Amino acid sequence: MSESLADNISLDSSKRTWLIASGCAGAVGGLAAAVPFISSFQPSERAKAAGAAVEADISNLKLGEKMTVEWRGKPVWIVRRTPEMLAALPTIDSQLVDPNSTRKPAEQAPEYARNATRSIKPEVLVVVGICTHLGCSPNDKFTTGPQPSLPDDWKGGFFCPCHGSTFDLAGRVFKNKPAPDNLEIPPHMYLSDTKLLIGDDKKA
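In this convention, every chain numbers its residues from 1, walking through the sequence in written order. Whole-chain, interface and lining totals are the exception, using all residues; otherwise, since this is a predicted model, local features are given only for residues with pLDDT of at least 70 and side-chain atom pairs are given and counted only at 80 or more. To get the side-chain values, take all heavy atoms of the structure and skip hydrogens and water.

Looking at the packing of aromatic side chains
What counts is decided by this rule: Here a Phe, Tyr or Trp ring, Trp counted by its six-membered ring, pairs with any other such ring whose centre lies within 6.5 Å, and the pair is stacked when the planes are under 30 degrees apart, edge-to-face when over 60, and tilted otherwise. Elements are defined by DSSP. Helices are runs of H or I of four residues or more, strands are runs of E of two residues or more, and each kind is numbered from the N terminus. Any residue under 20% of the maximum accessible area for its type is buried, any over 50% is exposed, and the rest in between are partly exposed; the area is computed with a 1.4 Å probe on protein chains only. Both a distance and an angle decide whether a charge sits over a ring: NZ of Lys or CZ of Arg must be within 6 Å of the ring centre and within 35 degrees of the ring normal.
Under the definition given, this model contains three aromatic pairs. Ring geometry for W154 against F174: centres 5.7 Å apart, planes inclined by 35°, an arrangement best described as tilted. You can see W154 sitting in the loop between β5 (139-141) and β6 (157-159) and its partner F174 sitting in the loop between β7 (166-168) and β8 (188-192), a full 20 residues away along the chain. For W154, a relative accessible area of 3% corresponds to the buried category. One aromatic cluster is present, formed by W77, F142 and F158 through successive ring pairs. K121 extends its terminal NZ or CZ atom over the ring of Y190, reaching a point 4.2 Å from the ring centre.

A short note on the nonpolar core
Taken as a class, soluble globular proteins show a tendency for nonpolar side chains to be buried jointly. Stated formally: Joining through side-chain atoms within 4.5 Å is the link that ties buried Ala, Val, Leu, Ile, Met, Phe, Trp, Tyr and Cys residues into a set, and such a set is a nonpolar core.
Counting 20 residues, the largest nonpolar core has F158 and F167 as its most contacted members. Contributing elements (two or more residues each) for this core: β3 (74-80) and β4 (124-128). Ranked by size, the runner-up nonpolar core spans 13 residues in total, among them I58, V76, V124 and Y190.

Focus on the sheet that holds β8
Note the following rule: Pairing between strands is defined by DSSP: at least two bridges between them are needed. Interaxial angles span 0 to 180 degrees and are taken between N-to-C directions of axes, which are lines fitted to C-alpha atoms, for helices over the stretch in contact.
What the three strands build is an open sheet, ordered β1-β9-β8; its pairing is antiparallel. The strands lining the two open edges of the sheet, one partner per strand, are β1 (54-57) and β8. Geometrically, the sheet is characterised by an average inter-axis angle of 30° between neighbouring strands, direction not taken into account. Sheet analysis places β1 next to strand β9 (residues 195-198), joined by four bridges and oriented antiparallel. The partner of E55 across the bridge, within β9, is L197.

Details of the sheet that holds β3
Strand order in the open sheet formed by three strands is β2-β3-β4, with antiparallel pairing between adjacent strands. Each having just a single partner strand, β2 (66-71) and β4 make up the two edges of the open sheet. Each adjacent strand pair in this sheet contributes to an overall mean axis angle of 20°, direction not counted. As paired strands, β2 and β3 are joined by six bridges and run antiparallel to one another. Counted as the bridge partner of E70 is P75 from β3.

Regarding the environment of G64
Operational definition: Whether two residues are in contact is decided by their heavy atoms, any of which lying within 4.5 Å being enough.
Inspection of the secondary structure assignment puts G64 in the loop between β1 and β2. Residue class for G64 comes out partly exposed when judged on its relative accessible area of 23%. Once the C-alpha coordinates of G64 and T143 are considered, the two residues, 79 residues apart in sequence, prove to be 9.9 Å apart. Once you skip the residues sitting within four places of it in the chain, G64 turns out to touch R80, T82, M85 and F142.

Quick look at the environment of L183
Note on placement: L183 falls in the loop between β7 and β8. Distance in space between the C-alpha atoms of L183 and Q108 is 6.8 Å, their sequence separation being 75 residues. Beyond its immediate chain neighbours, meaning those up to four positions away, L183 contacts W77, Q108, R118, V127, V128, I130, C131, T132, F158, F167 and G171.

Regarding the confidence of the model for the protein
Any region with low pLDDT has predicted coordinates that should not be read closely. We apply this condition: pLDDT gives the predictor's per-residue confidence on a scale running from 0 to 100.
Residue-level pLDDT values for the protein average 82, and 74% of them are 70 or greater. Across the protein, the secondary-structure element scoring lowest on mean pLDDT is helix α1 (residues 3-39), at 45, and the one scoring highest is β4, at 98. Note on residues 2-11: pLDDT under 50 across the span, and two contacts to partners over four residues away in sequence or across chains.

So, the side chain of H188
Going by this rule: A 3.5 Å cut-off defines polar contacts: any pair of N or O atoms within that distance qualifies, except that in protein one atom must be a possible hydrogen donor and the other a possible acceptor, and neighbouring residues in sequence count only when both atoms are side-chain atoms.
When you line up the elements, H188 lands in strand β8. Within polar-contact distance, the side chain of H188 engages the backbone oxygen of P186 at 2.8 Å.

Printed below as a string of structure tokens:
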């Protein structure tokens, strides 16, 4: 093979390698540029931490059932109370620390939830599922009557297994328990009969 032909082959090989390398670099660069663009459509961690409002569809929530959504990293419970559950609420006022939510009102409940049912619509309870003692999450105890760690005349509610605090089906704390306050009612509003917005009540 002549020296000139060998030089041409070497040149073509070098050019091909350079083109492939450039193409790969371009593809990687394009992909890298696309990633921030795509991620810009997703909520940032800062926005999540700031507590952006979340929607909850309650159309399939039956009477006596509870669903949970997350807001500001906290569990928010939505309970569709039965007529029996609602009827039991005023019968236990004397057993509660703050039956009318008058203690620390601004912290415990928005003004529209400072009523006998602590709700906008009596049937639907919206409450933060975190015990006001040390931040544990209570368990559902909707079944009425005698049960371990609960009074014999239990009307249904929530029980915190950490230190034994009990709350009724409006999130109100019972007397002589470690938890000092009722469960928090978060800001919320109805977007429709079956859709709630948790964390925003500007139209309420």
